[in-house]
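Fold and contact review
So the chains spell out like this:
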Amino acid sequence: MSTIKNTQQIPVRLDFDSHAPHFSRAMAHLDNMAIKELDAVDFDHRLRELVRIRASQLNGCAYCIDMHTKDARAIGETEQRIYALPAWRETPYFTDRERAALAFTESVTLLADDHVPNAAYDAVAAEFSPDEVAALVSLIVAINAWNAIGVSTRAWVAGSYQP
């Protein structure tokens, strides 16, 4: 059995929290407000993490993928569903409600591609109440903002890889 070793260090470009502390606190507040919206509608905690992971995969944010896959496992999400997330459309592991949320997440995350077409909105609105859709939009906006910070500053903690 071979052990994978972390041989490449990815340098952090900028310690964003240190150089933009006011904005960083505002981002934390934005994230907390999204969580409050999700809590107010009793939005499933595992689906929250799947949404965060999927947006982070699309944006290529290593920091957020690492964090939210760990968070998902900690609240009972299965390895199988986490691993299948990039190909969720081709697997039987997700409910119609989860599929609608994942499709909407992709559409909002990649909004420059098709500007969130009516079909994507209609599909999520068929599974979620207006308050739930608003909470989901809040979550998607927050994770995409975090991804933009993480990717642009390379907010990866060097040496944090654990085989």
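Data block above holds the structure.
Residues numbered from 1 in each chain as written. Predicted model: local features only at pLDDT ≥ 70, side-chain atom pairs only at ≥ 80, totals over all residues. Heavy atoms only, no water.

1. Some words on the packing of aromatic side chains
Tallied over the full model, the rule gives three aromatic pairs. Aromatic pair phenylalanine 16 and phenylalanine 23: ring centres 6.0 Å apart, planes at 90 degrees, arrangement edge-to-face. You can call phenylalanine 16 buried: its relative accessible area is 18%. Look at phenylalanine 23 and you get partly exposed, because its relative accessible area is 46%. (Phe/Tyr/Trp six-rings, centres within 6.5 Å; stacked < 30°, edge-to-face > 60°. Buried < 20%, exposed > 50% of the residue type's maximum accessible area, 1.4 Å probe, protein only.)

2. Remarks on helix H9 (residues 130–153)
Look at H9: 35 Å from first C-alpha to last across 24 residues, which is about the 34 Å you get at 1.5 Å a residue. Following H9 by one or two positions, arginine 154 adopts a phi angle in the positive range, close to 55 degrees. (Helix = DSSP H or I, 4+ residues; strand = E, 2+ residues; numbered from the N terminus. Expected span 1.5 Å × (residues − 1).)

3. Quick notes on a nonpolar patch on the surface
Residues Leu30, Val137 and Val141 make up a contiguous nonpolar surface patch of about 200 Å² in total accessible area. Take leucine 30: it is sitting in helix H2 (residues 21–40). (Patch = residues over 30% accessible without salt bridge, like charges linked within 9 Å, V, L, I, M, F, W, Y side chains within 5 Å. Areas by Shrake-Rupley, 256 points an atom, 1.4 Å probe, with all protein chains shown as cover. Salt bridge = Lys/Arg side-chain N within 4 Å of Asp/Glu carboxyl O.)

4. Quick notes on the pattern of salt bridges
Inspection of every chain in the model, using the stated rule, returns ten salt bridges. Between arginine 54 and glutamate 106 there is a salt bridge; the shortest N-O distance is 2.7 Å. Taken as a pair, arginine 54 in helix H3 (residues 45–59) and glutamate 106 in helix H6 (residues 96–109) lie far apart in primary sequence, 52 residues in all. The buried category is assigned to arginine 54, whose relative accessible area is 9%. Between arginine 81 and glutamate 77 there is a salt bridge; the shortest N-O distance is 2.5 Å. One salt-bridge network, held together by shared partners, links Arg46, Glu77, Arg81 and Glu98.

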